[in-house]
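Descriptive analysis of the structure
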Amino acid sequence: MSTTLAPLPPGPVAGPGRLARAVADGWTVTWRNLIAYTRIPQALVFSTVQPIVLVLLFRYVFGGAIAGTPVPYEDFMLPGVFAQAISFGAVGTAVALADDMQKGLIERFRSLPMARSAVLVGRTSAELVRNVFVVALMTLVGFLVGFNYYAGLPAFLGGILLLLLFGYALSWTFTSVGLTAANAEVAQAKAFPILFPLIFASSAFVPVDTMPGWLQGFARNQPVSVIIDAARALMIGGPTTEILLKALAWSTVVLVAASAYGVHRYRKAL
C-alpha cells in the first residue's frame, strides 16, 4: 500500500459530538483506502480474477469427485466459496496495516487531530466494500455455471448479508495481527495459520459427516462452519432459525471483541 495520501472528497459534516467526529474521520480514511485500491492495478486484478477462479475450480475440477451432498454440488459449494474468498480477503487488513506501520503512515495519522478508531474503521470498512464487489462478481459467475437458490431472493440476499457481516468481523480480528507484525510478509505468515484450519476443517466444501469422527465436533461447531451452514440454509433451504441465531451470535461476539481489542492494540502500537 502506497504511503501517499490520496485526495479526499468532502466528508460528512461533523457535529459537535465525539461520535459525529469519529464517523467523519472514519469515512475520510475509508475513502482514502478505496482510492488507494484503484491505484494498485495488481490488487484490482487479484480481487477480480481470484473469485472467478475459485468458483470455476470447485465447480469443474472438484465438483465431479465430491459426492454425498444433499443438493447439486454447485449449489452446495457456492456459500462455502463465498466464505473462503471473504475470509482470505480479511487477511488483507492485516497485511495493509502492517505495511502502513512499517512505512510510518500510521505515525502520520496518529499525529493528526482525528479519532483513534478512524484508521481501523477506515481500513475494515474499505475491506467491506471490496467484499461486496467480490461477492457480487462471484454470484454472477455462480449463476453462469448453474447455481440455483431455492429459498427465494430475500433469503438468498440474507445469506449474502450474513457472510458480509462475518467478513467484516474477521477484518477486525486481523487488525490486531497487522498491528503486531513487523512487516506485511510477517502479517501474512501469522494470519494464514489461523485461517486455514477454520476454512478447510469446516462444512465449506464437504459435509461434516464425511470427516473423521474426532474432527467432526470441531468442524461442526467452529464459527466458519456455523456461518456457512446458516448462509446455506438461507440460500438453498433447510432448518434455519437455530443455525441463523448461532451465526448471528458468533458474528456479534467476534465483531465486538475484535474491534475493542483492535482499538486497544492500536493505542498501544506506537
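A short tour of the structure in this document, coming up. Note that this is a predicted model, so its numbers are computed, not measured. (Residues numbered from 1 in each chain as written. Predicted model: local features only at pLDDT ≥ 70, side-chain atom pairs only at ≥ 80, totals over all residues. Heavy atoms only, no water.)

**Considering the overall build of the protein chain**
Along its length, the protein chain carries ten helices and zero strands. Start at the N end of the protein chain and walk to the C end: the helices and strands fall as α-α-α-α-α-α-α-α-α-α. In the protein chain, buried positions account for 49% of the 270 residues. Residue pairs in contact within the protein chain that sit at least 24 positions apart in sequence constitute 77% of those at least 6 positions apart. Of the roughly 12,400 Å² that the protein chain leaves accessible, carbon and sulfur atoms contribute 69%. (Helix = DSSP H or I, 4+ residues; strand = E, 2+ residues; numbered from the N terminus. Buried < 20%, exposed > 50% of the residue type's maximum accessible area, 1.4 Å probe, protein only. Contact = heavy atoms within 4.5 Å. Areas by Shrake-Rupley, 256 points an atom, 1.4 Å probe, with all protein chains shown as cover.)

**Structural notes on the packing of aromatic side chains**
Taken as a whole, this structure holds 13 aromatic pairs when the rule is applied. Seen from their ring centres, Phe88 and Phe196 are 5.6 Å apart, and the 25° between their planes marks the pair as stacked. You can see Phe88 sitting in helix H3 (residues 73-103) and its partner Phe196 sitting in helix H7 (residues 184-200), a full 108 residues away along the chain. By relative accessible area, Phe88 is classed as buried at 15%. You can call Phe196 partly exposed: its relative accessible area is 39%. (Phe/Tyr/Trp six-rings, centres within 6.5 Å; stacked < 30°, edge-to-face > 60°.)

**Comments concerning a nonpolar patch on the surface**
A surface patch of nonpolar side chains, amounting to about 670 Å² of accessible area, comprises Val45, Val49, Val53, Leu56, Leu57, Tyr60, Val61 and Phe62. On the secondary structure map, Leu57 appears in helix H2 (residues 41-62). Taking the relative accessible area as the measure of exposure, Leu57 reaches 31% and is therefore partly exposed. (Patch = residues over 30% accessible without salt bridge, like charges linked within 9 Å, V, L, I, M, F, W, Y side chains within 5 Å. Salt bridge = Lys/Arg side-chain N within 4 Å of Asp/Glu carboxyl O.)

**Digging into the pattern of salt bridges**
Under the definition given, this model contains six salt bridges. Measuring nitrogen to oxygen at the nearest pair gives 3.9 Å for the salt bridge that ties Asp100 to Arg32. Here the residue Asp100 occupies a position in helix H3, and Arg32 occupies one in helix H1 (residues 18-38), the gap between them amounting to 68 residues. A single salt-bridge network, built from bridges that share partners, covers Arg32, Asp100 and Arg123.

**A word on the side chain of Ser125**
By secondary structure assignment, the location of Ser125 is in helix H5 (residues 118-144). When sequence neighbours within four positions are dropped, the list of residues in contact with Ser125 reads Thr30 and Tyr168.

**Side note on the nonpolar core**
The tendency in soluble globular proteins is for nonpolar side chains to be buried as a group. Among the nonpolar cores identified, the biggest contains 52 residues, and Val55, Val81, Phe82, Leu163 and Phe174 are the most heavily contacted of them. Secondary-structure elements contributing two or more residues to this core are H2, H3, H5, helix H6 (153-180), H7, helix H9 (223-236) and helix H10 (241-269). Ranked by residues supplied to this core, first place goes to H3 with 14 residues. Discounting residues that sit within four places of it in the chain, Phe174 has contacts with Ala90, Val91, Ala94, Ala191 and Leu195. Listed in part, the 16 residues of the second largest apolar core include Ile106, Ala118, Trp172 and Leu179. (Core = buried A, V, L, I, M, F, W, Y, C linked by side-chain atoms within 4.5 Å.)

**Quick notes on the packing of H1 against H5**
Across the interface, H1 lies against H5 with an axial gap of 7 Å and an inter-helix angle of 50°. As the angle between them shows, H1 and H5 are arranged oblique. Crossing hand, H1 versus H5: right-handed. On H5, the residues touching Asp25, Gly26, Val29, Thr30, Arg32, Asn33, Leu34 and Tyr37 of H1 are Ala118, Val119, Val121, Gly122, Arg123, Ser125, Ala126, Glu127, Val129 and Arg130. Residue composition of the contact of H1 with H5, by class: eight nonpolar, five polar and five charged. (Axes fitted to C-alpha atoms, helices over the stretch in contact; angles between N-to-C directions. Parallel < 35°, antiparallel > 145°, perpendicular 65-115°, else oblique. Left-handed = near helix turned anticlockwise from the far one by under 90°. Nonpolar A, V, L, I, M, F, W, Y, C, P; charged D, E, K, R; others polar.)

**So, the environment of Val132**
Among the structural elements, Val132 can be located in helix H5. Measuring from C-alpha to C-alpha, the distance between Val132 and Leu163 comes to 10.0 Å, with 31 residues separating the pair along the chain.

**Focus: the packing of H3 against H6**
In contact at an axis separation of 8 Å, H3 and H6 are set at 30° when each is read in the N-to-C sense. By the criterion of interaxial angle, the relationship of H3 to H6 is roughly parallel. The crossing of H3 and H6 is right-handed. For the pair formed by H3 and H6, the contact residues are Pro79, Phe82, Ala83, Ile86, Ser87, Ala90, Val91, Thr93, Ala94, Leu97, Ala98 and Met101 on the first element and Ile160, Leu163, Leu164, Gly167, Leu170, Ser171, Phe174, Thr175, Val177, Gly178 and Leu179 on the second. Residues of the contact of H3 with H6, tallied by class, amount to 17 nonpolar, six polar and no charged.

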